[in-house]
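Given next are the chains, with one letter for each unit.
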Amino acid sequence: DLIAQDHGKFRSQGVHINQHSGYNRWLALGTSKSGCILQARELGRRCAQASLPILAFSANPGLFSSAPACALLALAPGALTTALSFLEQTWGGWPFFKTVAQAAATPLLCCVSEDLGGHSGAYFSNCRVDTPSTNARDSRHATTLWEETESIIARHVSI
């Protein structure tokens with residue numbers, strides 16, 4: 001979506017989930033979205049490799065007008081907030097935002113479509129397979145994030 005189009009900043013140094021060099025809410029949002037894309041990619045790969053009948057997708061609902069979205073955008077830099085406020089006052093909303101029903105279409109497609117078997121691990125946007133950022137396409141990052149997640153869980157959960 002417009003807020004996190006770059007899908008995180010993993011760059012060539014790899015996944016840095018323990019980095020404490022200051023907090024940037026937009027970078028955190030993009031990194032979170034990228035992490036979801038990478039996890040779905042790796043889950044899809046692992047399920048296919050194990051011949052499991054499980055499909056995994058990441059679905060971008062897009063930017064839609066909701067109370068949380070409005071609150072998030074209120075944190076935007078001054079000029080952007082001013083422009084968005086103007087649109088809201090002039091047109092009674094943000095004309096480039098999706099409705100909640102429109103935003104739900106892509107995740108629902110991924111949940112109910114029987115035609116997506118060949119796309120496990122894919123990223124969907126606007127009800128179709130789409131190409132995420134370079135960072136979110138990196139198979140090495142997907143595997144590293146998966147393994148680091150397993151390691152964190154193993155340290156905190158006894159099974």
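Placed above this text is the structure.
(A) Focus on the pattern of salt bridges. According to the stated counting rule, one finds four salt bridges in the structure shown. Where Arg140 meets Asp138, a salt bridge forms, and the shortest distance between an N and an O atom there is 2.9 Å. Relative accessible area serves as the criterion here: at 62%, Arg140 is assigned to the exposed category. Residue class for Asp138 comes out buried when judged on its relative accessible area of 17%. A single network of salt bridges, built from pairs that share partners, joins Glu42, Arg45 and Arg46.

(B) Up close: the sheet that holds strand E3 (residues 128-130). Spatial strand order, E1-E2-E3: three strands in an open sheet with mixed pairing. Since the sheet does not close on itself, it has two edges, and those belong to strand E1 (58-60) and E3, each with one partner. Within this sheet the neighbouring strands show an average axis-to-axis angle of 40°, counted without direction. Looking at chain direction, E1 and strand E2 (residues 123-125) are connected through three bridges and run parallel.

(C) Geometry of a nonpolar patch on the surface. Among the surface-exposed residues, Ile153, Val157 and Ile159 lie close enough to one another that they form a single nonpolar patch of about 370 Å² accessible area. Mapped onto the elements, Val157 comes out in the segment after helix H6 (139-156). By relative accessible area, Val157 is classed as partly exposed at 43%.

(D) Representation of unusual backbone geometry within the structure. In this structure, Ser51 is a non-glycine residue whose phi angle is positive, near 55°. Residue placement: Ser51 occurs in the loop between helix H1 (25-49) and E1. Its identity as a non-glycine residue notwithstanding, Asn126 has a phi of 55°, on the positive side. Inspection of the secondary structure assignment puts Asn126 in the loop between E2 and E3. Owing to a relative accessible area of 45%, Asn126 belongs among the partly exposed residues under this scheme.

Reading the values: the criteria
- Residues numbered from 1 in each chain as written.
- Predicted model: local features only at pLDDT ≥ 70, side-chain atom pairs only at ≥ 80, totals over all residues.
- Heavy atoms only, no water.
- Salt bridge = Lys/Arg side-chain N within 4 Å of Asp/Glu carboxyl O.
- Buried < 20%, exposed > 50% of the residue type's maximum accessible area, 1.4 Å probe, protein only.
- Pairing = 2+ DSSP bridges.
- Helix = DSSP H or I, 4+ residues; strand = E, 2+ residues; numbered from the N terminus.
- Axes fitted to C-alpha atoms, helices over the stretch in contact; angles between N-to-C directions.
- Patch = residues over 30% accessible without salt bridge, like charges linked within 9 Å, V, L, I, M, F, W, Y side chains within 5 Å.
- Areas by Shrake-Rupley, 256 points an atom, 1.4 Å probe, with all protein chains shown as cover.

Remember, this is a structural readout, not a statement about activity or role.
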